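A closer look at the structure
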Amino acid sequence: MLWSNPEDMISNVSIEGLTLKSENQFNGVDYYENSMVSNVQGIYIQGVDTMKITDVSMDQVYVGLKISQAGNMKNKDIKVSNLRIDNSGMPIQISGTNGFRMVDSVL
């Protein structure tokens, strides 16, 4: 639903007070067939320097919060608070990141 371009490093990002909800509409054979989880990713950020996520909720997403490095550029200084991810195949997936902190969250 929210995505960043992996070719450009972004900085000073703030995501606050957001609700993301997907709907499961699988018709074919898939790992999550007949489940309440869609194939939608909630927030997928690649290549970020200083990001704050506060008061965000997600429901029925395949991956809730996905953060990965862009090429050789590692992410840094990511703070997450009051994140709630329900009915997810994988609540969070993080790689290539230094300085990640999460508090007061439910996955």
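A short tour of the structure in this document, coming up.

Definitions and cut-offs
- Per-chain numbering applies: the sequence of each chain, read as written, is numbered from 1 onward.
- Totals for whole chains, interfaces and linings use every residue, but because this is a predicted model, local features are given only for residues with pLDDT of at least 70 and side-chain atom pairs only at 80 or more, for both listing and counting.
- With hydrogens and water excluded, all non-hydrogen atoms of the structure serve as input to the side-chain values.
- Side-chain atoms within 4.5 Å link the members of a nonpolar core, which is a set of buried Ala, Val, Leu, Ile, Met, Phe, Trp, Tyr and Cys residues.
- Exposure categories follow from relative accessible area, calculated using a 1.4 Å probe and restricted to protein chains: below 20% of the type maximum is buried, above 50% is exposed, and the middle band is partly exposed.
- Secondary structure elements are taken from DSSP: a helix is a run of H or I of four residues or more, a strand is a run of E of two residues or more, and numbering for both begins at the N terminus.
- Contact definition: two residues touch when any of their heavy atoms are within 4.5 Å.
- Side-chain rings of Phe, Tyr and Trp, where Trp is taken by its six-membered ring, are said to pair if the distance between their centres is within 6.5 Å; with planes under 30 degrees apart they count as stacked, over 60 as edge-to-face, and otherwise as tilted.
- Note on geometry: a ring has a charge over it if NZ (lysine) or CZ (arginine) is within 6 Å of the ring centre and within 35 degrees of the ring normal.
- Between any two strands, pairing holds if DSSP finds at least two bridges.
- Lines fitted to C-alpha atoms define the axes, with helix axes restricted to the stretch in contact, and inter-axis angles between N-to-C directions lie between 0 and 180 degrees.

1. Notes on the nonpolar core
The biggest cluster of nonpolar side chains holds 16 residues, and the ones touching the most others in it are I43, M51, I53, V56, M58, L65 and L83. Secondary structure elements with two or more residues in this core: β2 (10-21), β3 (41-46), β4 (48-59), β5 (63-68) and β6 (75-86). With five residues, β4 is the single largest residue contributor to this core. Dropping the residues within four chain positions of it, I53 is found in contact with I15, L65, K79, V80 and S81.

2. Remarks on the packing of aromatic side chains
Any pair of aromatic rings gets described here by the distance separating the centres and the angle formed by the planes. Summed over the entire model, instances satisfying the criterion amount to zero aromatic pairs. The ring centre of Y44 lies 4.5 Å from the NZ or CZ of K66, which sits over that ring.

3. Some details on the sheet that holds strand β8 (residues 97-103)
Taken together, four strands build an open sheet; the order of strands is β2-β4-β6-β8 and the sheet is parallel. Unpaired on one side and paired on the other, β2 and β8 mark the two borders of the sheet. Ignoring which end each strand starts from, the neighbouring axes of this sheet average 10° apart.

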